[in-house]
Amino acid sequence: MLRLTLRTLLAYLDDVLEPPEAKALGAKIAELKVASDLMNRIKSVMRRRRLIAPPVGPDANMVSDYLDNTLSPQAVNEVEAKCLESDVHLAEVAACHQIMTQLRAEPKPVENASKEHLYSLIPGMSPSADEAPVAAASSTRQPIPGHAGVASNETSRASGQPQAATHSAAGHATAPVSHLPKQLQPAPFWKRALVPAGLVAVVLGWLLLIVYDPSFNNTTTEPEEIAQNDTLTKLPDEQAITTPEVTKPKSTENEVVDTTETPALTETGENIPMNPAPPGDAETVPKIDVPNPGEIAATPGQPTVPTEDTEGDTVVVETKPPATAAEPAPKAEPPALKSPEMVYDSAKGVLLAFDPQENDWSTVASDTPLKADQQLISPIPFVTSIRVANGRYRIELEGGTFAQLLAPTDQTAMGVRLRRGVVSLERPSESADPQTIAIHVRRSVLIVQLLDPGSRCLFHLVPREPSAPNQVLDSDDWEGLFRVQAGRVAVNSIGMAALEVEGGQDMRVDPLLVPMAGGDANDDSKPIAVTFRPLDRIPERLSISRPRQTTARERLASTFEQEFVAGQPMKLKLSQIVQQAEEQTPFQVAEWGVQCLDLMEAMPEMVAVLAKTNLPEEARQAAEIGLRNWLALNSTQGELMLAEMKNYFFDETPDTIYRLLWGYRPAEASDAEVAKQLVAWLDHDNMVVRELAFYWAKTLSGGRDYGYRPFVESKQERSSAVGRWKDHINNTGALAK
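Residues numbered from 1 in each chain as written. Predicted model: local features only at pLDDT ≥ 70, side-chain atom pairs only at ≥ 80, totals over all residues. Heavy atoms only, no water.

### Here we look at the nonpolar core
- Grouped together as the largest cluster of nonpolar side chains are 69 residues, with contacts concentrated most on M600 and L678.
- Not counting residues within four places of it along the chain, the set of residues in contact with M600 comprises L352, W361, I377, M570, K571 and L574.
- In terms of nonpolar packing, the next biggest core, distinct from the first, is built from 39 residues, A353, V416, V491 and M507 among them. (Core = buried A, V, L, I, M, F, W, Y, C linked by side-chain atoms within 4.5 Å. Buried < 20%, exposed > 50% of the residue type's maximum accessible area, 1.4 Å probe, protein only. Contact = heavy atoms within 4.5 Å.)

### A word on the pattern of salt bridges
- One pass over the full model with this rule turns up 20 salt bridges.
- Measuring nitrogen to oxygen at the nearest pair gives 2.6 Å for the salt bridge that ties R508 to E479. Taken together, the positions of R508 in strand β16 (residues 506-511) and E479 in strand β13 (residues 478-486) put the pair 29 residues apart, joining distant regions of the chain.
- Exposure remark for R508: the relative accessible area of 17% places this residue in the buried category.
- A salt bridge links R488 to E500; the shortest N-O distance between them is 2.8 Å. Taken together, the positions of R488 in strand β14 (residues 488-493) and E500 in strand β15 (residues 499-502) put the pair twelve residues apart, joining distant regions of the chain. (Salt bridge = Lys/Arg side-chain N within 4 Å of Asp/Glu carboxyl O. Helix = DSSP H or I, 4+ residues; strand = E, 2+ residues; numbered from the N terminus.)

### Describing the state of the cysteines
- Scanning the model with the defined rule gives zero disulfides in all.
- For C83, which is in no disulfide, the shortest distance to another cysteine sulfur is to C96 and amounts to 9.9 Å. (Disulfide = S-S within 2.5 Å.)

### Describing the side chain of S86
- Of note, S86 is situated in the loop between α5 (73-85) and α6 (87-105).
- Residue classification places S86 among the buried positions, given a relative accessible area of 18%.
- At 3.3 Å, the side chain of S86 forms a polar contact with the backbone nitrogen of V88. (Polar contact = N/O pair within 3.5 Å; in protein donor to acceptor, adjacent residues only side chain to side chain.)

### Overview of a nonpolar patch on the surface
- On the surface, a nonpolar cluster with roughly 500 Å² of combined accessible area is contributed by V200, V203, L204, W206 and L207.
- In this fold, L204 is placed in helix α11 (residues 194-212). (Patch = residues over 30% accessible without salt bridge, like charges linked within 9 Å, V, L, I, M, F, W, Y side chains within 5 Å. Areas by Shrake-Rupley, 256 points an atom, 1.4 Å probe, with all protein chains shown as cover.)

### Regarding the environment of T656
- Secondary-structure assignment places T656 in helix α19 (residues 653-662).
- Apart from the residues lying within four places of it in its own chain, the contact partners of T656 are W681 and V689.

### Examining the packing of aromatic side chains
- Scanning the model with the defined rule gives twelve aromatic pairs in all.
- Measuring from centroid to centroid gives 4.9 Å for F560 and F564, while their planes differ by 80°, and the two rings are edge-to-face. Each member of the pair, F560 together with F564, is buried.
- A ring pair is formed by Y695 and W696, whose centres lie 4.9 Å apart and whose planes are at 75°; its orientation type is edge-to-face.
- Accessibility expressed as a relative area gives 44% for Y695, which makes it partly exposed.
- Look at W696 and you get buried, because its relative accessible area is 5%.
- Among the aromatic residues, those joined into a ring-pair cluster are F382, F560, F564 and W592.
- The ring of Y66 is capped by R7, whose NZ or CZ atom sits 4.9 Å from the centre of that ring.
- The side chain of K43 reaches across the aromatic face of Y648, ending 4.6 Å from its centre. (Phe/Tyr/Trp six-rings, centres within 6.5 Å; stacked < 30°, edge-to-face > 60°. Lys NZ or Arg CZ within 6 Å of the ring centre and 35° of its normal.)

### Side note on the environment of M342
- On the secondary structure map, M342 appears in strand β1 (residues 342-344).
- Of the residues examined, M342 reaches a relative accessible area of 3% and is grouped as buried.
- Separated by 29 residues in the primary sequence, M342 and K371 have C-alpha atoms spaced 7.1 Å apart.
- If near-sequence neighbours (up to four positions away) are discounted, M342 is found in contact with T368, P369, L370, K371, A372, I386, R387, V388, L405 and M414.

What follows is the structure, encoded as structure tokens:
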């Protein structure tokens, strides 16, 4: 059986072990907490960005010998101790092992120059047998002290200095001896230059063909009379010519023609050369009519120009462009609406904005202008305040809100697209006029108008949770709560009359899952209407209550706020905060960090948190809730989560956790098979499985727990509580009747 060392663990991660060895080693890793923690640490450091180069430590040759298993046991211990102490060295060794594994599976071509350089660095490398005479004839190379067997030209290669040509015994310079084996040496120069020379010859031949071919160099012109015959229009024989006729290419604008350049024609028309009949597809050349000078007068807007004929009279030349179809006037585009000024003005707290280039979230500084279409996150426990239009109205994002600011439209001053959380709208007392704001929820739109100065309202959006494996949730599977806290607010949706709601009233909001009147049932782009229903009692999922602010909570919030540094990628930073929870981070801060990853929908980071066994219970449960939220918003991509779990859990555990995260329908409480499976999972070796199974067993049974505690590690201590659950199933037949 393989020993559990760092090298065998790297081989297990890169899947280079035989199946029986991998299975045995996986079972051993699952048993040892130290091994599973080290494996998670390796995955974490390899994904970490902006790691600096190792300052000191094992050199490249020592690392390569370690990966090839050619080091002495003492040297192996030295390398592994250095890797366990430093994340930088651990990431380097793990990455080298992964790269070499991939190269073995899919070899990549290596340039000859690189091979030559690497061979020159190997001490004692001798030329091939075919090169022996040349090497013997060359001058003796003096070895450098401390590098026995290494020639001077080899040392020059290793030091980066140019290599001098070798000299024969007669003093004649010869080419430097290559250290590559014969099969790796590059082809002779004449062979490598053969293809480019052939291409150059083809190009030169083509250029000569162009220069000397008569068809490419024909400068012969036709006589002037023939050129005129090609452009004149045939005249009727009976038409008398009283003035010179001018012909020119087709034109669409009035032009002035100088008739002095036209050849002189006799008045009888007998000597006028007649054009041959044009071909059927020839373009008709427009004819310019020159009226009698005594019968034309200048027309306003018509250009007139004196033209000298043989008698010195002045005539007016009028051109008549061919009639063309009138082009429709371009449709004027409505002017773009200017977005109101939006400024993040919270003195305390944290606001995160998404950076598409980094594919990560970054901290927004206070008093920073915000842009339309900018995605924002307000983490728990902070509240974000945004001043709009110089304080004419205000937007607040409660902690745990993911929203996006929208540009104004013809009907609304601006909009907010809410993905989850709570958004509050307020019209300050000094505001001059009512403000209308659109709240977009999936395909639905709420039009909110703050009627009175001092009016304030909020909207709470909660996505529906999945309740079956691989359940595809529609984009309108959500429920919301609309509350007017002060003043009067008019609210309506697409195609609905405005509903006036006074302060202190709550309305339940549900999407109306039918197409609008006149719309296409298959048109997903058309907004969906919503319904508003008065509430006698607010459901637990829609309840909105801020935790009581205590001195301890304020101190923890200040500690959490200091972790948000501008310019840092926050996914990595939050993962580090949670990973250090047991050592130096309070459990409340660790829970807030996981909840922020939940808002970012950072599924891989939450899976890594779920796999860490020594985390506080609150942080682990926040990861379970976050992964269920991710499934609710990305229900068609569940296989990505399952694949990520298989990197951290073993055997059947990933499939079990994946099934429990999808949840159960209330009707399954009476299913005997579901009850037996959940109770069997209460005794599972993995705490995440026990915790999720207990949650669903308690939920489906109406709140029973029978004294069971999932965090108890000893099976013997859990046995009595598990026995009571089994008795309940035997008596009831299921979790509930």
